[in-house]
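Below are the chains, spelled out letter by letter.
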Amino acid sequence: MRQLALDLRKRSEDYRQLHSQAARGIADRFHSARRRFLEGVRQVRIREP
C-alpha cells in the first residue's frame, strides 16, 4: 500500500498536492495539540507550591 501511494505521488501532480495538504493538516493538528498539552503542564506547575 505504501509503495502504491509513493508511485501515485511520482506520477500524479494532483495526488502529490493532496498528499501534501493532508500531511500539512496532520502536522498542524499535532502542533496545536502539543502546544495545548505543554500549556496545561505549565499551568499545573505554577499552581503547585
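Model, not experiment: these values are computed from the prediction.

A.B. asks: Which parts of the structure should I look at to understand the overall build of the protein chain?
C.D. replies: The helix and strand inventory of the protein chain stands at two helices and zero strands. Expressed along its principal axes, the backbone C-alpha trace of the protein chain runs to roughly 60 × 20 × 10 Å. Placing the 13 positive and 6 negative side-chain charges of the protein chain at their respective mean positions leaves the two points 4 Å apart.

A.B. asks: Help me understand the pattern of salt bridges, please; the structure alone is not making it clear to me.
C.D. replies: As a working rule, side chains carrying opposite charge can pair if their charged atoms are close by. Throughout the structure, instances matching the rule amount to two salt bridges. In this structure, the salt-bridge partner of Glu13 is Arg16, at a minimum N-O distance of 2.4 Å. One end of the pair, Glu13, and the other, Arg16, are both in helix H2 (residues 13-47), three residues apart, so they sit about a helical turn from each other. Owing to a relative accessible area of 36%, Arg16 belongs among the partly exposed residues under this scheme. The salt bridge partner of Glu39 is Arg35, with a shortest N-O separation of 4.0 Å. With Glu39 and Arg35 both in helix H2 and four residues apart, the pair spans about one turn of that helix. On the accessibility criterion, Glu39 (39% relative accessible area) is partly exposed.

Reading the values: rules and limits
- Residues numbered from 1 in each chain as written.
- Predicted model: local features only at pLDDT ≥ 70, side-chain atom pairs only at ≥ 80, totals over all residues.
- Heavy atoms only, no water.
- Helix = DSSP H or I, 4+ residues; strand = E, 2+ residues; numbered from the N terminus.
- Lys, Arg positive; Asp, Glu negative; His and termini not counted.
- Charge placed at Lys NZ, Arg CZ, Asp CG, Glu CD.
- Salt bridge = Lys/Arg side-chain N within 4 Å of Asp/Glu carboxyl O.
- Buried < 20%, exposed > 50% of the residue type's maximum accessible area, 1.4 Å probe, protein only.

Just distances and angles here, no functional claims.
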